[in-house]
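Residues per chain are reported as follows:
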Amino acid sequence: MTLDERHRPRRVDLPHRAGPSRRPPVEHAAWIFYAIAALGSTIGQIWVGVQIPPWPDTLHWWWRAAFVAPFAIVIDLGGAVTAAFADWRQRLGEAAYGWRTLSAATVTVGVTTNIVGHADVAYLAVVFGGLGVFAYAIWLMHSAARRRDALRASGKLADTAPVYGLTQWWREPAVTRRARSLALAQRLPLHQSLALARQQLCDEKRRSALAAHVERLIRSRHDDPVRADIAATTLDLDAVAADLTAHADVTGWARVIGADLLPPPMPMPAAGGDVDADAERDIVAVAGPMPPADVLRRVPQDQASYDRWRQLWADLKADPDTELAAFAQRHGISLRQVQWIRRTGASGLLDSPLTLIDRIAQLATTNGHAPHHPASPS
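Residues numbered from 1 in each chain as written. Predicted model: local features only at pLDDT ≥ 70, side-chain atom pairs only at ≥ 80, totals over all residues. Heavy atoms only, no water.

Colleague: Quick question: what am I supposed to make of the overall build of the protein chain here?
Modeller: Scanning the protein chain for helices and strands turns up 17 helices and zero strands. A total of 378 residues make up the protein chain; the buried ones form 30% of that total. Surface exposure of the protein chain reaches about 24,700 Å², of which carbon and sulfur atoms provide 64%. (Helix = DSSP H or I, 4+ residues; strand = E, 2+ residues; numbered from the N terminus. Buried < 20%, exposed > 50% of the residue type's maximum accessible area, 1.4 Å probe, protein only. Areas by Shrake-Rupley, 256 points an atom, 1.4 Å probe, with all protein chains shown as cover.)

Colleague: Would you mind showing me how to read the environment of Val74 here?
Modeller: Inspection of the secondary structure puts Val74 in helix H3 (residues 61-91). With 32 residues separating them along the chain, Val74 and Thr106 place their C-alpha atoms 9.3 Å apart.

Colleague: I'm lost on helix H9 (residues 225-234) in this one. Help?
Modeller: Because an α-helix packs 3.6 residues into every turn, residues spaced three or four apart end up facing the same way. Listed in full, the buried residues belonging to H9 are Ala228, Ala231 and Ala232. Buried residues of H9 fall within an arc of 95 degrees about the axis and therefore sit on the same side. For H9, exposure combined with an orientation more than 90 degrees from the buried face picks out Val226, Thr233 and Thr234. One side-chain oxygen of the residue at the start of H9 lies 3.2 Å from the amide nitrogen of Val226, identifying that residue as Asp224. (Arc of directions from axis to C-beta. Polar contact = N/O pair within 3.5 Å; in protein donor to acceptor, adjacent residues only side chain to side chain.)

Colleague: What is the right way to look at the packing of H3 against helix H5 (residues 122-153) in this model?
Modeller: Relative placement of two packed helices is described by the angle separating their axes and the distance separating the axes. H5 packs onto H3 with a crossing angle of 20 degrees between their chain directions and a minimal axis gap of 10 Å. With respect to H5, the axis of H3 lies roughly parallel. Handedness of the crossing formed by H3 with H5: right-handed. Where H3 abuts H5, its residues Gly79, Ala80, Ala83, Ala84, Asp87, Gln90 and Arg91 lie against Tyr136, Trp139, Leu140, Ser143, Ala144, Arg146, Arg147, Ala150 and Leu151. When grouped by side-chain class, the residues that make up the contact of H3 with H5 number nine nonpolar, three polar and four charged. (Axes fitted to C-alpha atoms, helices over the stretch in contact; angles between N-to-C directions. Parallel < 35°, antiparallel > 145°, perpendicular 65-115°, else oblique. Left-handed = near helix turned anticlockwise from the far one by under 90°. Contact = heavy atoms within 4.5 Å. Nonpolar A, V, L, I, M, F, W, Y, C, P; charged D, E, K, R; others polar.)

Colleague: Hey, could you run me through the pattern of salt bridges in this one?
Modeller: Here the idea is simple: oppositely charged side chains can pair when their charged atoms come close. Inspection of the entire model under this criterion finds eight salt bridges. The partner of Glu172 in a salt bridge is Arg198, and the shortest N-O contact between them spans 2.9 Å. Of this pair, Glu172 sits in the loop between helix H6 (165-171) and helix H7 (173-186) while Arg198 sits in helix H8 (residues 190-220); the two residues are 26 residues apart in sequence, bridging distant segments of the chain. With relative accessibility at 35%, the residue Arg198 sits in the partly exposed group. A network of salt bridges, in which partner residues are shared, links Asp87, Arg91 and Arg147. (Salt bridge = Lys/Arg side-chain N within 4 Å of Asp/Glu carboxyl O.)

Colleague: Explain a nonpolar patch on the surface to me, please; I cannot follow it from the model alone.
Modeller: A cluster of nonpolar side chains, Ile73, Leu77, Val81, Phe85, Trp88, Leu92, Trp99 and Leu102, forms an exposed patch at the surface whose accessible area comes to about 740 Å². If you list the elements that add at least two residues to the nonpolar patch, you get H3 and helix H4 (97-117). Among the elements that take part in the nonpolar patch, H3 stands out by supplying five residues, more than any other. On the secondary structure map, Trp88 appears in helix H3. For Trp88, a relative accessible area of 45% puts it in the partly exposed group. (Patch = residues over 30% accessible without salt bridge, like charges linked within 9 Å, V, L, I, M, F, W, Y side chains within 5 Å.)

Colleague: Teacher, can you tell me more about the packing of H4 against H5 here?
Modeller: As a packed pair, H4 and H5 sit with axes 7 Å apart at the nearest point and diverge in direction by 165 degrees. Classed by the angle they form, the pair H4 and H5 counts as roughly antiparallel. Along this stretch, H4 crosses H5, giving a crossing that reads as right-handed. The residues of H5 that touch H4, namely those facing Ser103, Ala104, Val107, Val111, Asn114 and Ile115, are Ala125, Phe128, Gly129, Gly132, Val133 and Tyr136. The class makeup of the residues in the contact of H4 with H5 is eight nonpolar, four polar and no charged.

Quick look at the structure:
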């Protein structure tokens, strides 16, 4: 297994939804609820048909109910039949607006009949009208669920995404939206999709900022605005930003930043003061094998300047009681430079006749073992 394969997002095969042959037990309860609600709505319409129309007084109520029942049943059953036709056409990819409109109109007629016919008794109006709405709602939701299962089983509908919760949506809406798309596209679990979404958004933000800087840099290289526009629009700035990110010297920048984060150097003595042997030992102890970064940056790199510093450091060690200001005036240098020479020499960086760069190169060629040098004439 390669490194890329180990860090590639793991795909999870989500379980298949129950097909038509494996329906959950609750689906049978849905049919029972629908049948009872539809029967109640039909009874309410028959009740209205028995009482409201101007029937002859000699016609008994069961004859009235027998005459009205087929129409009431057709109204309730028509809403379900037309909804079933709409569901069938929707499974084939059609919108089925006609069937859906006819179904809604049929149910509206039945519910209105129950509410208006029982308007004198609010309880009956609410019960029979609510049963019609309840029956139709159950049918629509049930058929919609069956349709989605059939479309998902045939590969025409995407699988469901993980449930991220309201707190996650409220806290990170952009991350959650991206995670949901990734979970559907790559079949990722919840936490892995969130982690990948955060990483992608962070990378896109970094590349966008870097691309903006690259565009300004490219435009600054051309005095002609037309050429600047051509150069900026021809190049794929996102690709340039991605390549710069891939080739960035992260270790080098970390080394430079880490050098600036070292503890502050020990204070230098005032002009005219001296450094006794205990203070020199303290400076060397603080510097140790890795002197402070500000000392390393000021060590001369060319041999002539380095030899000059070594000679001045030898004079300072020979006469430790000399005043720094008088020493600087005598040798034609600044007081600050004398202080740096004294501090560099106390750190042990002026003991070798070779410059610091030459010593590093020689250590590299000798496999890390310091060679022996003859004693300096000074």
